[in-house]
Amino acid sequence: MSQFSAEDEAELQSLLRQLLKSVKERISGAPSVECAEEILLHLEETDKNFHNYEFVKYLRQYVESTLGAVIEEETESCAKGDGHTIGSGQDTLVHAVTRRARESSQYKQMMQTLKQTMMVIVESLINKFEEDQLKKEEMNRNSQHEQSSSHYTDNCSDSDSSFNQSYAFIKQEQLQVISEKLDPSRPREVRWEALQSLCCAPPSDVLSCESWTGLRRNLSAALADPDPDLSDKVLRFFAKTFSSSPLNVTREIYTSLVKSLESDFLYHKLSFPTESAGMDVNRPDIARLLKQMRLMNDFQQEVTTFWIRHPEKYMEEIIESTLALLSLHHEHGIGPHGSEKALEPVHFLSLLDIKATWFKKWMHGYYSRTVVLRLLERKYKSVVSYRCHLHLWTKKKKFREISVLFFVLISVPLGPAQRSFYSAKELEYTYFIHSLCVLGRLLMYTNGRKLFPIKVRKRRDPVTLTDLVVDTGYAYLIKWPESACLINFVVCCCIDSLSPTSMVTEVLKTLCERTECAVECIYQTPVIETLLAPIFALLKGKPAKLNSPESSLTHIADTLARIATTQRGLALFLYERKLVSAEGDGITAGHVIVQFTQKLLAKELPASTELENSPAVKGAFIFVCRQMYNTCEGLQVLRPYSLHECIAKAWRKTSSLSERVPTPVPGAIPSSSSQELQNAVAWEEVLLDNLLNFAATPKGLLLLQQTGAIHECVTYMFSRFTKKLQVSRCEKFGYGVMVTQVAATAPGIVALHSSGKTSAIVVELWSALECGREDVRVVHPKSTPMDPIDRSCLKSFLTLVNLMSSPHAVWELLGHQTLPNKTEYNLREMPTSIIDVMDRLVVINSDAKIHSLFNYEQSHTFGLRLLSVMCCNLDSLLLLESQYKLSDILLQSQKDNAIEASSEFIIDGLSVERNHLLVRMNAIGGPSERRLPPRALQKGSDPYPWPMFSSYPPPNCYILDVPKPLGGYPGHDWFSSTIFLLMGGDVGRSLSLLLRFSRLLPSAVLWPARLYSSMHLPVEMAQSGIPPLYSCTAHYVEMLLKAEVPLVFSAFRMSGFTPSQMCIQWLGQCFWNYLDWPEICHYVSTCIIMGPDYQVYMCIAVLKHLQQDILQYTQTQDLQVFLKEDPIHGFRVSDYLEYMEGLERSYRGMVLTDMRSILLKST
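These figures come from a predicted structure and were not determined experimentally.

Trainee: Any chance you could break down the overall build of the chain for me, citing the residues and the numbers?
Mentor: Along its length, the chain carries 64 helices and four strands. For the chain, the residues scored as buried account for 52% of the 1163 residues in total. Put simply, 73% of the contacts in the chain that link residues at least 6 apart link residues at least 24 apart. Total accessible area computed for the chain in this model is approximately 54000 Å², and 54% of it derives from carbon and sulfur atoms.

Here you go:
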C-alpha cells in the first residue's frame, strides 16, 4: 500500500474533512491562525478521542502495512545482536528499532508519497472551500436583492481600525454605481461619497464583482489624485483589506497599489533634488507617494507569515509586481534637456526601510526565495544591475563625505515622524545602504550568486562576484573607513550603526560563516591580496596608502580573523602559496600575517611608527594569529616564529609598566597617569587572553608553560569565567575544553587550583547536590531523582570528571593528603576542595558523615560514580588505594550491609554500586577477560543474579580469562609490566629486552616511565612537567582526528572533553582494561616494528572504531564516562592495519620528524 489510488485519495479527503468538522469548535475559538495551528499540532495530547477518528485510524493502518515488515525484521535483528551495541532495556530497544526504521528506504518512500498525496488533497479542499464561499456569497446577495441601497451606507465607518467593521453584503448593481461615481470626471463630492460606500463593502464582494476592472482603474486614479482626502480614503480601504482578508483578496489589492505607483512614477516623473534644494516630505505629491510606499512596505513585511499557506501563483504575482516597480529606472534623465536625475521608487523604499528588511524576509524561506531568484534571473536582472552600478559609481565619490553624512544620519533618526527634509546626499546614501543589504542577501544563496557576472552600465566588462567584493571591501574597509573615535561614539551611544564600514563588515562576516559563499566570494586570490596589500607594503618598509591607517588595519584584521575561524579559510591561510613575499619567494597568507604581527610587537615597522603604539591594531592582528595557533595544524605551521615568546615578552613589559604607575588618590583630579594605567591594564589583559589560547592544544600548552605565564593566564581565564564572559567573538564554545586541556598536566592543574577554579567547582557541585535553590523548594519541592546522577548535578559531575581525568591532577590535588574524618560535621559546613569531596561523598566510613548529608543515597552514589571514573586510570587507582585503602572501606560497607547470621546481602542502589566498583578496582582485563556486574536491576524473580562479596578475592565469575602467568600487581610502570607478561614472567628475558629496547626511538613514547628519568629528555621539557606523550603524541592525535574523523573531533568539542586526555590514559597504561591481551600485544609489537608514529595512528583507529558510540553518548551527555568506564569492544589491530598504513603515508614525514626532534634538542 505504498501508492494511493484515486479511490484512496477520495476516501482520505473525506476522512480529513470529517476530522476538521470534528474539531471545528476548537479551531474557530482560536484567537489567531497561529493558535489554530498549535491546537492541531497538539491534538493528540488534548483530545481524548484522537485515536478514534477515522482519519487517524486510516493513517495508522497505512503505516503498519508499509513498515510492518521492516519493524519486525529490525526487532529480530536487534534482539539477536550484541547487547552492547543496542543497550539493555525495553526503551533502548524501541529507540534502536525506531531509528533503524526511520533510516530505511521504505520509510522515506512512504513519507514522500504521503506528503505528495496530502498536498493534492489539501489543495483540493481549499479550492472547494473557495467555491463554496463564492456560492454562499451569491446566495446572500440574491436574498438581499429587495433591500434598499441605504442599508449598507448606514453601517459605514471612517474608523482607522479595520477589526471592528460591520460589513453588509452589497449588490453587483451597487458596485457598478460606485465604480461609475469614482470616475475621475465626476465631482470631488461624488467620488468621496462613493469611496465612503466602498469602505463599508466586504472586500471579497468588491473583487468578485463584474465591474472590478473599471473600479480598479478608478481607484488607481483616486490614488494619484492631488486631493489628499481622496487618496487617503483609498489607502484606508486598501489597509483594511490587507488586515482582514485572505491572500487571494489582498494580492489583488496589493498589485493594484503597486501598479498605481508604477504608473505614477512613469508618467509623473519627479526630479531628484539638487544639492541645495533637498526633498521636503511634507510636499503634497511627495507625502502621497510616501504613504503609499509605506503601506506597500508594511504588507511586504507581513505577507511572509502566511503566503506559504496559499497557492504559489498568488505569491508570484506579489513578487513580480514588486520587482517590476523596483526595476523602473530612467536611463537618460528627465527635464527639458534630459540632464536632470529622476526620483525612483527605490529612493522612497530605501528611506522607509533602509536595511531592506522586506527583502531579508522574502529571501529567508525557500518557498519565496526560489520565486524571487527565478524572476530576477529571467526578467528583472536590472534590479541587481542598478545596485551594482551604484556601488561602483559611489566608489568614485568623495568617501569622506559619506563618513560625515553617516554621523549626521545617526544623530537625527530616519523616518517621516522625526524629519521632514532630506538632502540629495542623504537620499543617495540611504539608497546605497539599502542596495548593500540587498546585494549581501543575494550573495548568501547559490542562485543569487549565479546572477553574476552581470552587465553594468558605464562598464565595459561584466561585474563578477570578486569584482564586487574587492571594490566594496577596498573602498570602505581599507581606503576610507570611519575613524575609530566615530565608531566608538556609535557603540557608546548604543546606536544602530549605518556606517558603510560597519555594514560592509557585517556582510563579509555573514559570507564568511557560509562555506559555499566564502569559497565563491571571499576565498579568492584577488580578495586576499587586496586585504594583504597594505601589510605587504609595510613589511617592505614602504608607507601604506591609507587615509586612516589605524582604522583600516583594524578592519582588515577583523575580516582576516573571520576568514581564519572557518576550516576552509584556515587551510587557505596555512597552505595556499599564491602570494609573493618581500624576498620574492612563494609564501602563504598565514606567514605574512604572523611576520607582520611580530614586527608590530617588536616595533620594527619604520614606515608606520604610529601603528606600533596602537594596542587596537596589535591586538587585532594577534587575534588573527590566535585563530591559527589555537588549532593543531595552525600551531604546526606557525611554531617556527615563536610567537608565544613575542607575546609573553610584550606582556612582561606591559606588566612592569602597569606596576610602576602610581595608585590614584581618592578625591584627587584624574591625571594622565590614571588613564595610562587603565590603558596598560587593558593591553595586559589582551596579551594574557591571547597567551591563554595557546592552551587550546597539547603542544600549545607546553609552549605556554615555557613562557612562565601559565598561572597568570589561568587566573585571567577564571576571572572571565566567573563573570560569564564569552571567550571571544569568534569562538563557539566556552572555556570548558580549555579547562580540560589545562587540567591534563601537572603545571596546569596547579595553576587551576591556585586560581580558585577547583574550589569554585566544588562549591557549585555542593550547591546543586545538597543545597539546591531555597526559593524554589518552598513553592515547588524538588522531585525525587530517578537517575543515579540527577540532571541538576550532571554538569557538575562531568566538570569534575574532566578535572580529575589525569593522574597528574589526582596526584597534585590528593597526593600526601589525609582525609579529615571528623567526629562531627556542621550541616552548614560547605566543602571547598577535592579532598573535602573525597571525605564527604566518597569515603563515607562513619555515621557522622552519613548524618551530615541531606540526600545521603544520592550524594554517596554521586561520589561512588566519580570514584569509578577516576579509578579507570590505573595510576590514579594505585595512588588512591595506597593512600586511603579504598578497597577495605568498600568491603566493610558491604559487610555492614549483609543480613546478620546469613551470607545474604541487602540489595539496594549503594550495595550494587559498591559491588561494581570493587570488581572494577580489583579485576584486570579487556572486554573478554573480565566481567563487570551491571549497575541496574533486572526484571524477573531474580533482579540481581550477580554475587556480592565482602572479602577478597572476588568471585571467579568476574574473571574470565587472565593472561598467564600473572606476576603480581604490575605497579605504575605499565609498559614494563606488559613486557614482563609478554616474556612469560621471565625476569631475565624481560630485563634484557627492556635494555635493548631503551636504545630505540620507540622507547621515548612507548615507555613514559623510562623517559621521565632519561638524560636524553631536553631540559626545558623536563622542567615544564609536561611529558612528550602529551605534548607530542596527543597533539598529533587531535590534529589528525580533526582531519580524518571530523565528526568525532566535533563530538569531543561539544562535550567539553578532549581526545588527548583519553588517549594519554589509554597509552599511559598500555590499554590495560580497555583491550584484550592479544590486542595489547599487537599494539606494542606494531609500534616497535612499524615505528613510534604508529602510536598516533593506533589512537585514530580506535576513535574511528568507536565513532558511532561516541556520537551516541555525546547526545546523552555522558561521553567522558563511556570512554573511561567501558572497554573497547570489537577492536582488532589487524582490521585497521591497512588504515594505519594509509595514515603513515600521509603523515609520517611530519609526526615522526617531530618525535625525533624531541631527543635531538638535548644533544
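Trainee: Account for the pattern of salt bridges, with residues named and values stated.
Mentor: Summed over all chains, the structure comprises 29 salt bridges. Taking the shortest distance from any N to any O, the salt bridge between Arg 935 and Glu 913 comes out at 2.9 Å. With Arg 935 in the loop between helix 51 (909–922) and helix 52 (974–982) and Glu 913 in helix 51, this residue pair connects regions lying 22 residues apart in the sequence. Between Glu 1144 and Arg 1148 there is a salt bridge; the shortest N-O distance is 3.2 Å. Placement of both Glu 1144 and Arg 1148 in helix 64 (residues 1137–1160) is noted, with a separation of four residues, approximately one turn of the helix. For Arg 1148, a relative accessible area of 22% translates into the label partly exposed. Ionic contacts of the salt-bridge type, sharing partners, join the residues Arg 865, Glu 913, Arg 935 and Glu 1125 into one network.

Trainee: Give me the side chain of Gln 300: which residues, what numbers.
Mentor: Among the secondary structure elements, Gln 300 is positioned in helix 16 (residues 284–302). Within the structure, the side chain of Gln 300 is placed 3.1 Å from the side chain of Asn 297, a separation counted as a polar contact. Those residues within four positions of Gln 300 in sequence are excluded, and the remaining contacts are Tyr 254, Thr 322, Leu 349, Trp 358 and Trp 362.

Trainee: For the environment of Ser 882, give the residues involved together with the corresponding values.
Mentor: Looking at the secondary structure, you find Ser 882 in helix 49 (residues 874–884). Assessed through its relative accessible area of 47%, Ser 882 is described here as partly exposed. Of the polar contacts made by the side chain of Ser 882, one reaches the backbone oxygen of Leu 878; its length is 3.0 Å. Among the polar contacts made by the side chain of Ser 882, one reaches the main-chain carbonyl oxygen of Leu 879 at a distance of 2.9 Å.

Trainee: Any chance you could break down the environment of Gly 748 for me, citing the residues and the numbers?
Mentor: Here Gly 748 lies in helix 41 (residues 746–755). Taking the relative accessible area as the measure of exposure, Gly 748 reaches 0% and is therefore buried. Sequence spacing of Gly 748 and Gln 705 is 43 residues, and the spatial spacing of their C-alpha atoms is 8.2 Å. Ignoring anything within four residues of it in the chain, the contact list for Gly 748 reads Ile 710 and Val 742.

Trainee: Residues and numbers for the packing of helix 15 (residues 247–267) against helix 17 (residues 312–326), please.
Mentor: Between helix 15 and helix 17, the least distance of the axes is 9 Å, while the angle of their chain directions is 10°. With respect to their mutual orientation, helix 15 and helix 17 come out roughly parallel. The interaxial crossing formed by helix 15 with helix 17 has left-handed handedness. Contacts between helix 15 and helix 17 pair Leu 247, Asn 248, Arg 251, Tyr 254, Thr 255, Val 258, Leu 261, Glu 262 and Phe 265 from the former with Tyr 314, Glu 317, Ile 318, Ser 321, Thr 322, Ala 324 and Leu 325 from the latter. Broken down by class, the residue content of the contact of helix 15 with helix 17 amounts to nine nonpolar, four polar and three charged.

Trainee: Would you mind going over helix 45 (residues 807–814) in detail, with residue names and values included?
Mentor: Of all the positions in helix 45, only Ala 809, Val 810, Leu 813 and Leu 814 are classed as buried. For helix 45, the arc enclosing every buried residue in end-on projection is 100°, short of the 170-degree limit, so these residues lie on one face. At the N-terminal boundary of helix 45, the capping side chain belongs to Ser 806, with an oxygen 3.1 Å from the backbone nitrogen of His 808. Phi turns positive one or two residues past the end of helix 45, at His 816, with a value near 60°.

Trainee: Let's hear about helix 34 (residues 615–629): which residues, and what values?
Mentor: The terminal C-alpha atoms of helix 34, which comprises 15 residues, lie 20 Å apart, in line with the 21 Å expected from a rise of 1.5 Å per residue. Burial analysis of helix 34 places 13 of its 15 residues in the buried class, which makes it a mostly covered element.

Trainee: Mind laying out unusual backbone geometry, listing which residues take part and the relevant values?
Mentor: Looking along the chain, the bond that leaves Phe 452 and enters Pro 453 is cis, with omega of 0°. Assignment of secondary structure puts Pro 453 in the loop between helix 24 (446–449) and helix 25 (465–479). In this structure, the amide linkage connecting Tyr 952 to the following residue, Pro 953, adopts the cis form with an omega of 0°. A positive phi angle, close to 75°, is found at Asn 1073, a residue other than glycine. Residue placement: Asn 1073 occurs in the loop between helix 59 (1059–1068) and helix 60 (1077–1090).

Definitions and limits used
Residues numbered from 1 in each chain as written. Predicted model: local features only at pLDDT ≥ 70, side-chain atom pairs only at ≥ 80, totals over all residues. Heavy atoms only, no water. Helix = DSSP H or I, 4+ residues; strand = E, 2+ residues; numbered from the N terminus. Buried < 20%, exposed > 50% of the residue type's maximum accessible area, 1.4 Å probe, protein only. Contact = heavy atoms within 4.5 Å. Areas by Shrake-Rupley, 256 points an atom, 1.4 Å probe, with all protein chains shown as cover. Salt bridge = Lys/Arg side-chain N within 4 Å of Asp/Glu carboxyl O. Polar contact = N/O pair within 3.5 Å; in protein donor to acceptor, adjacent residues only side chain to side chain. Axes fitted to C-alpha atoms, helices over the stretch in contact; angles between N-to-C directions. Parallel < 35°, antiparallel > 145°, perpendicular 65-115°, else oblique. Left-handed = near helix turned anticlockwise from the far one by under 90°. Nonpolar A, V, L, I, M, F, W, Y, C, P; charged D, E, K, R; others polar. Arc of directions from axis to C-beta. Expected span 1.5 Å × (residues − 1).

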